[in-house]
Amino acid sequence: MRPLPHSSFEILLTLAAGPAHGFGIKRSVEERTEGAVRLGAGTLYTALQRLEANGHIAQVEGDPAEQDQSASVRWRFYELTDDGLDVLRFEVRRLERAVGFARNLPALNRAPV
Amino acid sequence: MTAQSNHETPGFVARVALRLLPAAFRQLHGREIARIWRLDWSARTGTSARLRWLLDESIDILRTAARERVVSTGRRNPSHRHPQGDPLMTGLTHELLRAGRRLLRTPGFSLLAVGTLALGTGASIAIFSVVHGVLLQPLPYPEPDRLVTIYHAPLDAPMEQNAVSFGNFADWRNQTSSFEAMAATFSQSARLSHPGDPRRVTLTGSVASPFDVLQVRPLAGRVFHSEEDRPDAPAIAVLSRTLARDLFGSATAAVDQSIELDGVPRTVVGVVPDPIEAGLDPAHIWLPSRFSEEMRQKRTEYWLRVIARLRPETSPTAAQAELDTLMSVLRREHPQANENVTASMRPMRETLVGDVSQRLVLLQAAVALLLLIACANVANLLMTRGDQRRGEIAVRRALGASRRRVIGELLLESGWLALAGGLGGLAIAAGAQRILPVLLPTDLPRISDIELSVPVAVFALALAATSSLVFGVLPALFTTRNRRTEELRRGRGGGAVVGSGVVIAEVALATVLLIAAGLLLRSFDQLRSVDPGFETSNLLTFNLPAPSLGSDADPGAQRFEYFRTATEALEALPGVESVGLISNLPGSGRGTGAWINFQDRVLPENETPPIAVYRVASADYFTSAGISLRAGRFTTDRDGADGTPSVLVNEAARQQFWPGEDPLGKVITLGPNGGWIPPSTVVGVVGNVQHRGLGTDDLPVVYMPHALARIWDEMGVVVRTSAAPEQIIGNVRRTVSGLHPDAAAFDFASAEQLLARSVAPTLALGRLLALFAATALVLAAGGIFATFSYAVARRHREIGIRLAVGAAARGVFTMVVAEAMARIATGIVIGLVLAIAVARSFSALLYDVPPHDPLTLGLGAIGLFLVSLLAVALPARRASALEPAPILRGD
């Protein structure tokens, strides 16, 4: 299986913690990576659309408490499907193998001067 | 969240941005995206954070839009309605191609429109590059706004720029705190004898270092600094890039090489870019002048041009004030030398380009006019075409095509025209770049700085785009206003009214250009026929420096002897009638001034003597050059050797210094305290010579005999020949080098060429304007032809009826022509009025030609009238040749 595009990976990772809406996913990713990964709005929704089409995520009814009652935008909530969970696990394992390999490389183990 | 988050709909900007996305994607996700944008925006504070976010999100949305719209197989995406790709993108390509094909179906119109646009924008870009390169671009030095020039000026005329004395410069440099660096320069020419053949180069001598002020980066080696300007410092030089290449092949190869200038060996320490001032050759040398302490203190030698760099924290006003205070002190301390003198500081850029800015502005205005005419033409063409297609468009509207679609199509066509016209314009401009240096006035500074820059190209394309899109839209708006099918049969159009208005405007503008060009060319003509004061035919001129003749107790006698021998040798050549020597050739504009003191007058306290120009002339100079003697006699070689020295003065001097008196027999001296020449008697008055070139004022001149001023080390030579002057140049060269191995005559020119140089700028300007005027004429004629062709075609029915009821064909012809010419005459009259107003604004450039010169105005008006008549006659003939029957039948 090909490696996941990074935007898909970040979204799936976020949703593994529980359902969320678009804005919530975006914020979550930014916070988790401390600003290193910023998903643009367009990229975000393209990825969401693709993940949904591939069956990795699905729209669900969100927690009403999460909706901003004063706004007219009803956020659509997404959750990880079983398929999506599998894909995520696979990807994490792939990354683990890569990190494990990297840890054993002498070049990466030399102490910084 | 702030109150902003209560807005229901996305803001305007967000909506526009969302339009980039394909419709389906937008409908699904648009609202959420807009909301995210709003939340992100309000969560960020600070301009830089917001700008960064703006940049990131813009790129993101553009990428997304592109990705979502482009065809991508292998994507299973339910939001795309058309598997082959997004309708907007593919539709756009098809629409573009269709619009292009439509234009190609009417090649005449399309070529005309594109050609007109290309011509107009091409000329604009070419001239604008010149204006940009010379006037607008900052000087090529770091922080150029802090660079200033400081000149002497009379207290009551601070705009003058006079050379500065050594002593004053030293005080300005040492006793002010406003300047980070200051240096003084003077221009000379010198003989470069090694390496290579002897040649003449222009040279900048400096006190302190101009490089410290300008902060020029050397291309190779180094520049010299102020400390190296000491009498005991080594003899060094800095070369310009052109000279380094000429002599040594490259800039780097020149460093540490040795050259010989005027007999003095010097080491090249570095190479810098070519000088940008007008009048300096690209092959140029800079030297520290290494004057003695005594020379640096002189207050009565005025040679220097002072440049300086302001300190960052000092304002120009503060600096000027400091100089003013210092000058009042200096005026007190050295009353004679600094009488009525003040320091005038100006930004360096102004000094460099000040003279030419008026001419450049005129050029720019002329080309803007040409562009307007071109745009008017294109507008006319587009409107005419729009009118022609009225019927077709009405049919399509009736069949259900949306107004937007039709306007869109017309806009696409205009877009193509704009693109082709703009690109054509760039091509024309690039070609013009090559030939412009030939056409441009030769005294423009920074010619090497002119290039087709990005701002210029952007300007051009924007221009082409705006003009064609605007004029593409107008007919689109007119023609799609009504859906009613009656339009199909109606023949009138709003375009007609605008069409003739545009023609009047075109004619008026073309008139202005024509008149402006005419006035300048007449100026040039007047200048050429000015009496220069000497006989210019068959007169060869050149410069002859005395070679270094070895040290001797009396260099004056040596040099005088050298010049005498040279003169004799030249006179002996075949084809030479006579030879004369003069310290500065007429028409060259070079010379020196001195105070003139009159022995029979007492100068009141605190008053400075008047200034006269002085020249050194051999006894035969006046007869060789053909300068007339007005009174008294010429000097002879014997004057000065014994007895009271004699001098000559010119008419201007007589009128200025001895009004109503006879100057013959009066005794004068020159210089402060009369120290430069011993008391000399005026023995003759000669005619005025246009020294600074044709059309300049006559200055008072005192001619000293050569015998009196033997120390002169370079003389201009005039040779009266019996045949064409150019023919004896070879002989002259050989004779001069035969006399002395180090001698070299240079800068050969016939007297006519010398004078032509002075009027070259006016000629160049006139030529360029004439080029524009001719182009404008052609464009206007084309526009008139097109408009009236169409007007006639539209009045088919009316004309047919007239012919049917018996009007003679000739009557119809006359009617059409008369109506057309009435409009054109209006245009010409308006144009004449405008032309006079415009000519007034550049009247400083005209010589002896008033802005309302009847000859030019008359010729211009008649010319335009005739050309327009021709352009109208053709469609008119066609009108009168119409067959009435088919028209009446309604075909």
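About the thresholds
Residues numbered from 1 in each chain as written. Chains lettered and ligands numbered in written order. Predicted model: local features only at pLDDT ≥ 70, side-chain atom pairs only at ≥ 80, totals over all residues. Heavy atoms only, no water. Helix = DSSP H or I, 4+ residues; strand = E, 2+ residues; numbered from the N terminus. Buried < 20%, exposed > 50% of the residue type's maximum accessible area, 1.4 Å probe, protein only. Contact = heavy atoms within 4.5 Å. Pairing = 2+ DSSP bridges. Core = buried A, V, L, I, M, F, W, Y, C linked by side-chain atoms within 4.5 Å. Axes fitted to C-alpha atoms, helices over the stretch in contact; angles between N-to-C directions. Patch = residues over 30% accessible without salt bridge, like charges linked within 9 Å, V, L, I, M, F, W, Y side chains within 5 Å. Areas by Shrake-Rupley, 256 points an atom, 1.4 Å probe, with all protein chains shown as cover. Salt bridge = Lys/Arg side-chain N within 4 Å of Asp/Glu carboxyl O. Parallel < 35°, antiparallel > 145°, perpendicular 65-115°, else oblique. Nonpolar A, V, L, I, M, F, W, Y, C, P; charged D, E, K, R; others polar. Arc of directions from axis to C-beta. Phe/Tyr/Trp six-rings, centres within 6.5 Å; stacked < 30°, edge-to-face > 60°. pLDDT = per-residue confidence, 0-100. Polar contact = N/O pair within 3.5 Å; in protein donor to acceptor, adjacent residues only side chain to side chain.

**What about the overall build of chain B?**
Helix and strand content of chain B: 26 helices and 22 strands. Counting all 891 residues of chain B, 50% fall into the buried class. Considering only contacts within chain B whose residues lie at least 6 apart along the sequence, 79% involve residues at least 24 apart.

**Considerations on the overall build of chain A**
A count of helices and strands for chain A gives five helices and three strands. Ordered by position from N to C terminus, the α and β elements of chain A give α-β-α-α-β-β-α-α. Counting all 113 residues of chain A, 42% fall into the buried class. Partitioning the intrachain contacts of chain A with sequence separation of at least 6 by distance along the chain shows that 55% fall at a separation of at least 24.

**Describing the pairing of strand 11 (residues 341-347) of chain B**
Residue and element names in this part refer to chain B. By the criterion of burial, strand 11 is predominantly enclosed, with six of the seven residues buried. Relative to strand 11, strand 1 (residues 147-154) runs antiparallel, the two being bridged by seven bridges. Within the sheet, the bridge partner assigned to P154 lies in strand 11 and is V341.

**What to know about the nonpolar core**
Residue and element names in this part refer to chain B. With 113 residues, the main nonpolar core has I150, F169, W172, F179, L513, L769 and F772 as its most contacted residues. In terms of residue count, helix 12 (residues 348-388) provides more of this core than any other element does, 13 residues in total. Not counting residues within four places of it along the chain, the set of residues in contact with F772 comprises A123, I127, L363, A366, V367, L370 and L513. Counting 42 residues, the second-largest nonpolar core is a separate cluster that includes F542, L570, A594 and F657.

**Considerations on the sheet that holds strand 1 (residues 20-21) of chain A**
All names here are of chain A. Taken in spatial order, the three strands make up an open sheet running 1-3-2, and their pairing is antiparallel. This sheet does not close on itself; its edge strands, each paired only once, are strand 1 and strand 2 (57-60). By the bridge criterion, four bridges tie strand 2 to strand 3 (residues 77-80) in an arrangement that is antiparallel. Note on strand 3: the bridge partner recorded for A58 is E79. Contacting strand 2 and strand 3, helix 3 (residues 41-53) crosses the sheet at an angle of about 100° to strand 2.

**Examining a nonpolar patch on the surface**
Residue and element names in this part refer to chain B. A contiguous nonpolar surface patch, about 490 Å² in accessible area, is contributed by L92, L96, W416, L419, L423 and L461. For the nonpolar patch, the secondary structure elements donating two or more residues are helix 4 (87-105) and helix 14 (403-439). With three residues, the top contributor of residues to the nonpolar patch is helix 14. Note on placement: L92 falls in helix 4.

**Looking at the packing of helix 1 (residues 6-15) of chain A against helix 2 (residues 22-32) of chain A**
Residues and elements named next belong to chain A. Running from N to C, helix 1 and helix 2 cross one another at 95°; their axes reach a closest spacing of 10 Å. Considering the angle they form, helix 1 stands roughly perpendicular to helix 2. Contact residues: E10, I11, L13, T14 and L15 in helix 1; I25, S28, V29 and R32 in helix 2. A class-by-class count of the residues in the contact of helix 1 with helix 2 yields five nonpolar, two polar and two charged.

**Remarks on unusual backbone geometry**
Residues and elements named next belong to chain B. The phi dihedral of Q215 falls on the positive side, at around 60°, and the residue is not glycine. Its place among the elements puts Q215 in the loop between helix 7 (210-214) and strand 5 (220-221). For D256, which is not glycine, the phi torsion reads 70° and is therefore positive. The class of D256 is exposed, set by a relative accessible area of 63%.

**Quick word on helix 2 of chain A**
Of all the positions in helix 2 of chain A, only G22, F23, I25, K26, V29 and E30 of chain A are classed as buried. Down the axis of helix 2 of chain A, the buried side of the element spans an arc of 165°, and every buried residue falls inside it. Tucked inside the fold, the buried residues of helix 2 of chain A contact helix 1, strand 1 and helix 3 of chain A together with helix 2 (23-43) and helix 3 (47-69) of chain B. At the exit of helix 2 of chain A stands E34 of chain A, carrying a positive phi of roughly 55°.

**Structural notes on the pattern of salt bridges**
Any two side chains of opposite charge can pair if their charged atoms end up close together. Per the stated rule, a full pass over the model turns up 28 salt bridges over all chains. Among the salt bridges present, the one from D40 of chain B reaches K26 of chain A, with a minimum N-O distance of 2.7 Å. Of the two residues, D40 of chain B is situated in helix 2 and K26 of chain A in helix 2; the pairing between them involves two chains. Pair check on accessibility: D40 of chain B and K26 of chain A agree, each one buried. A salt bridge links E143 of chain B to R146 of chain B, with the nearest nitrogen and oxygen atoms 3.0 Å apart. Taken together, the shared-partner salt bridges in this structure form one network comprising K26, R27, E30 and R38 of chain A together with D40, R44, D56 and E57 of chain B.

**Quick look at the packing of helix 2 of chain B against helix 3 of chain B**
Residues and elements named next belong to chain B. One way to put it is that helix 2 packs onto helix 3 with a least axis distance of 11 Å and a crossing angle of 170°. Between helix 2 and helix 3, the crossing angle belongs to the class labelled roughly antiparallel. Contacts from F25, W37, D40, W41 and S42 of helix 2 reach helix 3 at R50, W53, L54, E57, I61, T64 and E68. Grouping the amino acids of the contact of helix 2 with helix 3 by side-chain chemistry returns six nonpolar, two polar and four charged.

**Observations regarding helix 1 of chain A**
Residue and element names in this part refer to chain A. Buried residues dominate helix 1, accounting for eight of its 10 residues. Of all the positions in helix 1, only S7, S8, F9, E10, I11, L12, T14 and L15 are classed as buried. On its buried face, helix 1 sits against strand 1, helix 2, helix 3, strand 2, strand 3 and helix 4 (82-103).

**A closer look at the pairing of strand 14 (residues 592-598) of chain B**
Residue and element names in this part refer to chain B. Taking burial as the measure, the seven residues of strand 14 include five buried ones, the bulk of the element. Strand direction decides the pairing type here: strand 14 and strand 15 (residues 611-617), joined by four bridges, are antiparallel. Of the residues in strand 15, the one forming a bridge with W595 is I611. Here three bridges tie strand 14 to strand 18 (residues 667-670), and the two strands are oriented antiparallel to one another. Each bridged residue has a counterpart across the sheet, and for N597 the counterpart in strand 18 is T669.

**A look at the packing of aromatic side chains**
All names here are of chain B. Summed over the entire model, instances satisfying the criterion amount to 14 aromatic pairs over all chains. Between the aromatic rings of F211 and F224, the centroid separation amounts to 5.2 Å while the plane-to-plane angle is 85°, which identifies the pairing as edge-to-face. Of this pair, F211 sits in helix 7 while F224 sits in the loop between strand 5 and strand 6 (236-240); the two residues are 13 residues apart in sequence, bridging distant segments of the chain. Take F211 and F224: they sit in the same class, and that class is buried.

**Here we look at the confidence of the model for chain B**
All names here are of chain B. Of the residues in chain B, 87% have a pLDDT of 70 or more, and the chain-wide mean is 80. The spread of mean pLDDT over the elements of chain B runs between helix 16 (residues 486-489), the lowest at 42, and strand 6, the highest at 93. Counting interchain partners and residues more than four positions distant, the pLDDT-below-50 stretch residues 1-8 has 11 contacts. ipTM for the predicted complex: 0.86, alongside a pTM of 0.62.

**Concerning the environment of I393 of chain B**
By the secondary structure assignment, I393 of chain B is in helix 13 (residues 390-398). Its relative accessible area of 3% is what places I393 of chain B among the buried residues.

**Notes on the side chain of T775 of chain B**
All names here are of chain B. Structurally, T775 can be placed in helix 22 (residues 751-794). At a separation of 2.7 Å, a polar atom in the side chain of T775 contacts the main-chain carbonyl oxygen of L771. Excluding residues that lie within four positions of it along the chain, T775 makes contacts with L119 and L370.

**Comments concerning the environment of A126 of chain B**
All names here are of chain B. Mapped onto the elements, A126 comes out in helix 5 (residues 107-136). Judged by its relative accessible area of 4%, A126 falls in the buried class. The spatial distance from the C-alpha of A126 to the C-alpha of A429 is 4.9 Å, given a sequence separation of 303 residues. Once residues within four sequence positions are removed from consideration, A126 is found in contact with A429, A432, Q433 and L436.

**Describing the environment of L474 of chain B**
Inspection of the secondary structure assignment puts L474 of chain B in helix 15 (residues 454-479). A residue is classified by how much of its surface remains accessible, and L474 of chain B, at 32% relative accessible area, is partly exposed.

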